[in-house]
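Breakdown of the fold
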Amino acid sequence: MPRRFEAGAHGRPTSEVMEMRVKIGSRIAAATAVAAIAVAGISTQAWAVKTTGREYNTLHAGLGAKGYDVVSYFTDDKAAVGSQDFTHAYGGVTWRFVSKEHRDLFVKSPAKYAAQYGGFCSWGVAGGKLFDVDPENGWTIRDGKLYLNFNAELNGVFANDAAAFIAKAARNWPKLDR
């Protein structure tokens, strides 16, 4: 049962109550500051560009999915860093793969494996913004399509209501992909 604090003489709070109020106020202020910094970090540092230039996300040395093998998400159900030995140019970026077999699968059907929304954060596109992605921790496959997201936390938010985010992103994408 929660502890009750009683008022002191003349209806004024006791020093114990005042101390508790200060602690609670400090915790609320700290939590608010952390939340504000997190939101500010996403809205300024992660907002990559205003439009795509009709190319895939090129923010990482011109590599599609930051050099991760997009076929691995489908065939191995995991993120895997591609090799410089197995590459293919598509959509204005160079894609890397862990094997010749993965590269050949991609070459036969690049649209099947390439991330949606030009490899930008799907959650961000749903909100009308282009954010960079974390291909290691921020990925979801939904209805046979790869969606990349800014980080694991936003990927979880996206995955929990993917249909709604995909619908919003589909409406926003034409304005961003220009």
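We now turn to the structure provided with this report. Sequence order as written defines residue numbering, which begins from 1 separately in each chain. This being a predicted model, a pLDDT of at least 70 is required before a residue's local features are given, and a value of 80 or more before pairs of side-chain atoms are given or counted; all residues contribute to the totals for chains, interfaces and linings. Values reported for side chains reflect all heavy atoms of the structure, with hydrogen atoms and water molecules removed beforehand.

What to know about the overall build of the chain
Secondary structure counts use DSSP, requiring at least four H or I residues in a row for a helix and at least two E residues in a row for a strand, with both numbered from the N terminus. Secondary structure summary: the chain contains seven helices and six strands in total. Ordering the α and β elements of the chain from the N terminus gives α-β-α-β-β-α-α-α-β-β-β-α-α. Note on classification: 1.4 Å probe, protein chains only; a residue is buried when its accessible area is under 20% of the maximum for its type, exposed when over 50%, partly exposed between these limits. Going through the 178 residues of the chain one by one, you find that 34% of them count as buried. Contact definition: two residues touch when any of their heavy atoms are within 4.5 Å. A separation of at least 24 residues holds for 58% of the contacts in the chain among residues at least 6 apart in sequence. Shrake-Rupley sampling with a 1.4 Å probe provides the accessible areas, and residues are treated as covered by the protein chains on show and by no other component. Carbon together with sulfur atoms contributes 54% to the accessible area of the chain, which is approximately 10400 Å² in total.

Details of the nonpolar core
If you look at the biggest cluster of nonpolar residues, it comprises 20 residues, and the most contacted ones within it are V70, Y73, W95, F106, L146 and L148. Where this core is concerned, the elements lending two or more residues are α2 (70–75), β3 (93–97) and β6 (145–148). Formed by 13 residues, the second largest nonpolar core is a distinct cluster that contains A126, L130, A162 and W173. Working definition of a nonpolar core: buried Ala, Val, Leu, Ile, Met, Phe, Trp, Tyr and Cys residues. They are joined through side-chain atoms within 4.5 Å.

Comments concerning the pairing of β6
Here four bridges tie strand β5 (residues 139–142) to β6, and the two strands are oriented antiparallel to one another. When the sheet's bridge partners are listed, W139 is paired in β6 with L148. Pairing between strands is defined by DSSP: at least two bridges between them are needed. Between β5 and β6, which pair antiparallel one after the other, the connecting turn spans two residues, and D143 there sits at a positive phi close to 55°.

Structural notes on the packing of aromatic side chains
Any two of the Phe, Tyr and Trp rings considered here, Trp counted by its six-membered ring, make a pair once their centres fall within 6.5 Å; the pair's planes then place it as stacked at under 30 degrees, edge-to-face at over 60, or tilted in between. Scanning the model with the defined rule gives 11 aromatic pairs in all. Geometry around F165 places K168 over its ring, the cationic atom sitting 5.8 Å from the centre. Think of it as a cone above the ring: NZ of Lys or CZ of Arg counts as a charge over the ring if it is within 6 Å of the ring centre and within 35 degrees of the ring normal.

Comments concerning helix α6 (residues 152–160)
Among all positions in α6, only L154, N155 and F158 are buried. Buried residues of α6, seen end-on, are gathered within an arc of 105° and therefore sit on one face of the element. For α6, the exposed residues set more than 90 degrees away from the buried face come down to E153 and N160. Under the rule applied, a polar contact is a pair of N or O atoms within 3.5 Å (in protein, one hydrogen donor and one hydrogen acceptor; residues adjacent in sequence only if both atoms are side-chain atoms). Among the residues of α6, the N-terminal cap falls to N151, whose side-chain oxygen and the backbone nitrogen of E153 are separated by 3.2 Å. Working note: the arc is built from the helix axis to C-beta atom directions.

Re unusual backbone geometry
Notably, A65 is not glycine yet its phi reads approximately 55°, a positive angle. Mapped onto the elements of the fold, A65 is located in the loop between β1 (47–49) and α2. Classification of A65 as buried rests on a relative accessible area of 9%. Although it is not a glycine, K66 sits at a positive phi angle of roughly 55°.

A word on the side chain of T140
Mapped onto the elements, T140 comes out in strand β5. Under the relative-accessibility criterion, T140 is labelled buried at 11%. At 2.8 Å, the side chain of T140 forms a polar contact with the side chain of N155. The contact partners of T140, leaving out residues within four places of it in the chain, are K145, L146, Y147, N155, F158 and A159.

Purely spatial values, then, with no claim about function.
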